[in-house]
Amino acid sequence: MKEILISVRCLHCGHVSYVKSEQLISATLEPEIREAILKNTYFQGICSCCGQPYAYFHPFLYVDQAHDFVIYGAIDEAQSDREKWEQYASRYAHSVIVTSPPALREQILILEDRLDPKKIRHLKTLLQKKKTQYHRFSYEGKEADCYWFSAEDENGVTFTEAGLNSYSLANPLKGQVSDGFTVTVDATIPEGQELTDYEGF
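Reference entry: report on the structure contained in this document. As the structure is a prediction and not an experimental result, all values here were calculated from the model.

Rules of the game
- Along every chain, residues carry numbers that run from 1 in the direction the sequence is written.
- pLDDT decides what is reported in this predicted model: residues at 70 or higher carry local features, side-chain atom pairs at 80 or more are listed and counted, and totals for whole chains, interfaces and linings draw on all residues regardless.
- With hydrogens and water stripped out, all remaining heavy atoms of the structure feed into the side-chain values.
- What counts as a salt bridge is simple: a side-chain nitrogen of Lys or Arg found within 4 Å of a carboxyl oxygen of Asp or Glu.
- Think of it this way: any DSSP run of H or I at least four residues long counts as a helix, any run of E at least two long counts as a strand, and we number them from the N terminus.
- For two strands to be treated as a pair, DSSP must find no fewer than two bridges joining them.
- To get an axis, fit a line to the C-alpha atoms, keeping to the stretch in contact for a helix; angles then go from 0 to 180 degrees between the N-to-C directions.
- We call a residue buried when its accessible area falls under 20% of the maximum for its residue type, exposed when it is over 50%, and partly exposed in between, using a 1.4 Å probe and counting protein chains only.
- Helix crossings fall into two classes, left-handed where the near helix is turned counterclockwise from the far one by less than a right angle and right-handed where it is turned clockwise.
- In this description, contact between two residues means that some pair of their heavy atoms is separated by no more than 4.5 Å.
- Ten residues, namely Ala, Val, Leu, Ile, Met, Phe, Trp, Tyr, Cys and Pro, are considered nonpolar, four, namely Asp, Glu, Lys and Arg, are considered charged, and the remaining ones, Gly among them, are considered polar.
- Within this scheme, the nonpolar core is defined by two criteria: the residues are buried Ala, Val, Leu, Ile, Met, Phe, Trp, Tyr or Cys, and they are joined through side-chain atoms within 4.5 Å.
- Expected span of a helix, by definition, is 1.5 Å for each gap between consecutive residues, and there is one gap fewer than residues.
- What counts as a ring pair is set by centres within 6.5 Å for rings of Phe, Tyr and Trp (its six-membered ring), and what kind of pair is set by the plane angle: stacked under 30 degrees, edge-to-face over 60, tilted for all other angles.

**Points about the pattern of salt bridges**
- Per the counting criterion, the structure on display carries 4 salt bridges.
- With a shortest N-O distance of 2.6 Å, arginine 34 and glutamate 112 are connected by a salt bridge. Placement of the pair is arginine 34 in helix H1 (residues 31-38) and glutamate 112 in helix H3 (residues 101-112), with a sequence separation of 78 residues.
- With a shortest N-O distance of 2.9 Å, glutamate 140 and arginine 105 are connected by a salt bridge.

In structure tokens:
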């Protein structure tokens, strides 16, 4: 909705490219940008000099009126434009600050599913404590009573499923999903308790 020109220096050859980007993104009016963000292609480009890919990030606002949230993209959370941010944040039910494209993608998925980002962050902390060989847990979506996360290990990406009453791991990397493995561990949450209340998860 509000286009700007961004200078990006290629880390491979040092060439400076100029790319068009947005300072204000509307999920309703610009669904193609939303799709590009979810596909991890929006903040990326190809150097016209050496042909290598590059990534960039800059301050912007992402507004979703249908789901009643706003996300502020900042280079550094401590240096974010608080006054401008608070002006928008007060108009929506949820407001979040992100400092990278992957974080932006994750917060869009969380808020579109009408979940509390703080509870998802807490659940990720519990998952990390339970399975220390995995890192970079990222919310991917929900299905019925299950929340899906992606996570990384030394072999690549592993998909993690965190249900309301169980915890399991599934690895779809070995061809078909049925060729992978699923492990369910004893992590039952007592009935009536919230995920945020149960530290033994």
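After that view, the rundown keeps rolling.
**Section: the sheet that holds strand E6 (residues 60-64)**
- Read across the sheet, 4 strands follow the order E3-E6-E7-E8 without closing on themselves; strand pairing throughout is mixed. In this open sheet, the two edge strands, each paired with only one partner strand, are strand E3 (24-26) and strand E8 (94-98). The average undirected angle you get between the axes of adjacent strands in this sheet is 15°.
- With 5 bridges connecting them, E6 and strand E7 (residues 69-73) associate as antiparallel partners. Of the residues in E7, the one forming a bridge with phenylalanine 60 is glycine 73.

**As for the pairing of E6**
- The buried count for E6 comes to 5 of 5 residues, which makes it a mostly enclosed element.
- With burial as the criterion, each face of E6 is covered, one bearing Phe60, Tyr62 and Asp64 and the other bearing Leu61 and Val63.
- Counted between consecutive antiparallel strands, the loop separating E6 from E7 contains 4 residues, among which aspartate 68 sits at a positive phi close to 60°.

**So, the packing of H3 against helix H4 (residues 117-130)**
- For the pair H3 and H4, interaxial distance at closest approach is 10 Å and the crossing angle is 115°. Where H3 crosses over H4, the handedness of that crossing is right-handed. On H4, the residues touching Glu106, Gln107, Ile110 and Leu111 of H3 are Pro117, Ile120 and Lys124.
- Tallied by class, the residues present in the contact of H3 with H4 amount to 4 nonpolar, 1 polar and 2 charged.

**Observations concerning the nonpolar core**
- Counting residues in hydrophobic clusters, the biggest one holds 37 residues, and the most contacted among them are Ile37, Tyr62, Ile71, Leu104, Tyr139 and Phe149.
- Among the elements that take part in this core, H3 stands out by supplying 5 residues, more than any other.

**Some points on H3**
- Along its 12 residues, H3 runs 17 Å from first to last C-alpha, staying within 8% of the 16 Å computed at 1.5 Å per residue.
- In terms of burial, H3 is a largely internal element, 9 of the 12 residues being buried.
- Of the residues making up H3, those classed as buried are Leu104, Arg105, Glu106, Gln107, Ile108, Leu109, Ile110, Leu111 and Glu112.
- Residues of H3 that are buried in the fold lie against H1, E6, E7, E8, H4 and strand E9 (135-143).
- Among the residues trailing H3, arginine 114 stands out with phi positive, at a value near 55°.

**Remarks on the packing of aromatic side chains**
- Counted under the stated rule, the structure contains 8 aromatic pairs.
- With 5.5 Å between their ring centres and 90° between their planes, phenylalanine 57 and phenylalanine 60 make a pair best called edge-to-face. Assigned by exposure class, phenylalanine 57 and phenylalanine 60 land together as buried.
- Plain terms: the ring middles of tyrosine 62 and phenylalanine 69 are 6.2 Å apart, the flat faces sit at 20° to each other, and that makes the pair stacked. We note that tyrosine 62, like phenylalanine 69, is buried.
- Pairwise contacts between aromatic rings join Tyr42, Phe43, Tyr54, Tyr56, Phe57 and Phe60 into one cluster.

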